[in-house]
Each structure stands twice: as structure tokens, then as C-alpha cells.
Amino acid sequence: MSHCLAASRKCFLSLGGVRTVAFLISGAKTSLQVRERLKKDVAQMEEKVPGFRPGLAILQVGDREDSNLYISMKLKAAAEIGINANHVRLPKTASEDEVLSSITSLNEDSTVHGLIVQLPLDSVHSINTEKVTNAVSPDKDVDGLTSVNAGKLARGDLGDCFIPCTPKGCLELIRQTGVQIAGKRAVVLGRSKIVGAPMHDLLLWNHATVTTCHSKTVNIAEEVNRAEILVVGIGRAEMVKGDWIKPGAVVIDCGINHVSDSTKPNGKRVVGDVAFQEAKEKASYITPVPGGVGPMTVAMLMENTVESAKRYLQKYTPGKWSIECTAVNPETPVPR
């Protein structure tokens, strides 16, 4: 029998053959396990250094409703774990220089161990998002979006960087299945800096053979059909059909799309980038939408913040000064 998941299972077996409806990989349940572990980590840090807590700063420009929702989820998760979270708001009128000045101030604040800039930037002025993202200190870049952290991930320095939260969460969900990643053929559908590109690197350095598909890929369905592990983050509702899926594949759906549904009170429902009802008939494991990757993204942000705080304590233990004495070499006669 397959590895037991923190998931609900819907499976039909018969002695004459096996017809399986995929295991549902529950990001909601797995994220709760991660949060409980992080609570213990924070408590242990406070025992060693009384009064110490990991600090997370979330910098927001403007007042987008979707950003407000995402930030509230992050603040709630931080509070549950014991992370001191600070929501720094700048008005829509904030200039690029003002945003960069705020980032510099937070970079220099020793109580802040993780700093994220909520995207997109909702300003009336033109602001260079790449410049703003890279202004965050790589040591506090718990979103893993700076060029420094992206470069370290690309070259395989996984222990010396922060990995973007969604790909990191996807990897954890793949591990939950018990399926060995090393040696598997993996396909990543999408090449965004936040999901697709880092997911490719993460799978590669976990020893999968990885193909990235994008808008210019010819015969995407054929490429997808070769995948033993499939991660989809293309931003198109139910684009990946059931007959694209290789039988027995692990399918991780990062998509969040709204489609019309007259049976819902608001006339819409949330779907992923994979046609779930079709794909679950072919896959061995699959993430639902919602309740799959989404909760893991927030959990991994919390994990990165706690990890950053641990690194800070290792480097700057309170009460210990990093002092080195310079050897004195007297000269005779004494120089004038």
C-alpha cells in the first residue's frame, strides 16, 4: 500500500485490476503540522534567550483588497506560532525612494529577521519592482526573491539561501507522498520567478530530471504526459486535462483561478490550473484547489522566518561579543 498521507483518500480497488482515484495531498493538514513544529522551535529559542522572538516585517504599498487578505493570513499565522509580525503600510502616493528608504530601515532593524514586500506594489508612481525586491537584505529575504538567493538556489546552495515559499511548499507536499524524487522525470509547467523557475531548480538539486514548459513550448501535452512528477503554475484555469497526465503521476497544482458557477452564492468558484475531476482518475497523488498548495505557501514563509531567526542567533548570540585581538609586533627602533 502507498505511503500514508496527512490527506483524505478516495480509492477503488479490485482483485482483477486496480482502478485508483488519486490520494488527495492535503496542504491544509500538512501546514498545521508545520505550524505546530514551528511553535516548538520558537518556544525553544525563547528558553535559550529570554524575551527573544523571531520578527517578520511585511511592507505594503497601497491598499489592494487581495493584498490585505493575504497579509491578514500571514499575520494570523505568525501570531499563532509566536512570531512578532509588523505590518508596515505605505500610502499609494509613496515614491520609489520612500519605499527603498523603508526597506533600508527594516534591513537595519535587528529585531526584524524576515522582510517581505507585498506584491504587486499599489502606487500611483512608477516603481521598479525588481529594484525594490533586490533592496531587501538577502539575509532577511524570507520570500527568496532577491537575485542573491535565486542565484544560490540555481547553483544548488540550498543550505545557504532562502527558497521561495510556494516551491518549497510544493516540495514538502511531494515528500509527503513518500515518492522518491531522485531519478524521477519531473515537468514544471510555468517559468515565473516566484514559482516555475525556482521549482525547476529545487527539483533539479533534489536529483530529478526536469523539463520546464512555457508559452512557447511545442506539444505541451506530450511533455506533460512524460512527467512522473508534475508541478503546474501557468495561471490558466483547468488548462491541464486528464488525458495529459501520465498514469500514476504525482500532480501538484499551484493555480488559483475564479470561474463562473451559478450554483455558488457569489456566482464563482475557485479552480486550479489542472482539470481536477479528470486528473484525479489518472494521478496517484494530487493536490486539491483550494486546500492544497495555498496553505503551504504561508507555512513556508513562517518556516523561513524562524530559520532566519535561528541563523541570527547563531551569528549574534546576545551577551557574546565577536572580538579579535590584533597581535602587537614592536619595532626597534620605534618608528617616528
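A brief structural summary.

### A few points about the overall build of the protein
So, point 1. When helices and strands are counted, the protein shows 10 helices and 13 strands.
So, point 2. Overall size of the protein, expressed as C-alpha extent along the three principal axes, is 95 × 50 × 40 Å.
So, point 3. Looking at the protein residue by residue over its 336 residues, the buried ones come to 45%.
So, point 4. Excluding contacts between residues fewer than 6 apart, the proportion of contacts in the protein whose partners are at least 24 apart in sequence is 68%.
So, point 5. Roughly 17,800 Å² of accessible area belongs to the protein as shown, and the carbon and sulfur atoms make up 51% of that amount.
So, point 6. Put simply, the protein has 40 plus and 36 minus side-chain charges, and the middle of one group is 5 Å from the middle of the other.

### Some thoughts on the packing of aromatic side chains
So, point 1. Applying the stated criterion across every chain, the model contains three aromatic pairs.
So, point 2. Between Phe-52 and Tyr-312, the aromatic rings sit 6.2 Å apart at their centres with planes inclined by 5°, giving stacked as the arrangement. A residue pair is termed long-range when its members are at least 10 positions apart, and Phe-52 in the loop between α1 (27-48) and β4 (55-61) and Tyr-312 in helix α10 (residues 293-315) qualify at 260 residues.
So, point 3. In this structure Phe-52 comes out as buried when scored by relative accessible area, which is 11%.
So, point 4. Overall, Tyr-312 belongs to the partly exposed group, its relative accessible area being 24%.

### A look at the nonpolar core
So, point 1. In terms of nonpolar packing, the biggest core is built from 51 residues, with Leu-203, Val-231, Ile-252 and Met-302 touching the most fellow members.
So, point 2. Dropping the residues within four chain positions of it, Val-231 is found in contact with Cys-170, Ile-174, Val-187, Val-188, Leu-189, Met-199, Leu-203, Ile-252 and Cys-254.
So, point 3. Core analysis: the second largest hydrophobic core is formed by 20 residues, Leu-189, Ile-220, Ala-249 and Val-274 among them.

### What about the layout of surface pockets?
So, point 1. Here the largest pocket defines a volume of roughly 1,300 Å³.
So, point 2. Residue lining of the largest pocket: 40 residues in total, with Tyr-70, Thr-166, Cys-254, Ile-256 and Thr-297 positioned closest to the centre.
So, point 3. Elements that contribute at least two residues to the lining of the largest pocket include exactly α2 (65-81), β6 (114-117), α6 (165-176), β11 (257-260) and α10.
So, point 4. Among the elements that take part in the lining of the largest pocket, α10 stands out by supplying six residues, more than any other.
So, point 5. Classifying every residue of the lining of the largest pocket by side-chain character gives 23 nonpolar, 12 polar and five charged.
So, point 6. Considering the residues around the second largest pocket, the lining is formed by 21 residues, among which Asp-139, Lys-140, Tyr-312, Lys-315 and Tyr-316 are closest to the centre.
So, point 7. At the level of secondary structure, the elements contributing two or more residues to the lining of the second largest pocket comprise α5 (147-154) and α10.
So, point 8. For the lining of the second largest pocket, the leading source of residues is α10, giving four residues.
So, point 9. Looking at the lining of the second largest pocket, its residues break down into seven nonpolar, six polar and eight charged.

### Thoughts on the packing of α1 against α2
So, point 1. At a minimum axis separation of 8 Å, α1 and α2 run at an interaxial angle of 55°. Between α1 and α2, the angle is such that the two are oblique. Residues Arg-35, Leu-38, Lys-39 and Val-42 of α1 form the contact with α2, whose own contacting residues are Ala-77, Glu-80 and Ile-81.
So, point 2. Tallied by class, residues from the contact of α1 with α2 come to four nonpolar, no polar and three charged.

### Looking at the environment of Arg-175
So, point 1. With respect to the helices, strands and loops of the structure, Arg-175 is situated in helix α6.
So, point 2. Measuring from C-alpha to C-alpha, the distance between Arg-175 and Lys-39 comes to 22 Å, with 136 residues separating the pair along the chain.
So, point 3. For Arg-175, the residues in contact, after removing those within four places along its chain, are Ile-181 and Asn-206.

The rules behind these values
- Residues numbered from 1 in each chain as written.
- Predicted model: local features only at pLDDT ≥ 70, side-chain atom pairs only at ≥ 80, totals over all residues.
- Heavy atoms only, no water.
- Helix = DSSP H or I, 4+ residues; strand = E, 2+ residues; numbered from the N terminus.
- Buried < 20%, exposed > 50% of the residue type's maximum accessible area, 1.4 Å probe, protein only.
- Contact = heavy atoms within 4.5 Å.
- Areas by Shrake-Rupley, 256 points an atom, 1.4 Å probe, with all protein chains shown as cover.
- Lys, Arg positive; Asp, Glu negative; His and termini not counted.
- Charge placed at Lys NZ, Arg CZ, Asp CG, Glu CD.
- Phe/Tyr/Trp six-rings, centres within 6.5 Å; stacked < 30°, edge-to-face > 60°.
- Core = buried A, V, L, I, M, F, W, Y, C linked by side-chain atoms within 4.5 Å.
- 1 Å grid on protein atoms, 1.4 Å probe; cavity = no way out; pocket = protein on both sides within 12 Å on 5 of 7 lines; lining within 4 Å.
- Points joined across faces, edges and corners; volume = space filled by probe spheres on them.
- Nonpolar A, V, L, I, M, F, W, Y, C, P; charged D, E, K, R; others polar.
- Axes fitted to C-alpha atoms, helices over the stretch in contact; angles between N-to-C directions.
- Parallel < 35°, antiparallel > 145°, perpendicular 65-115°, else oblique.

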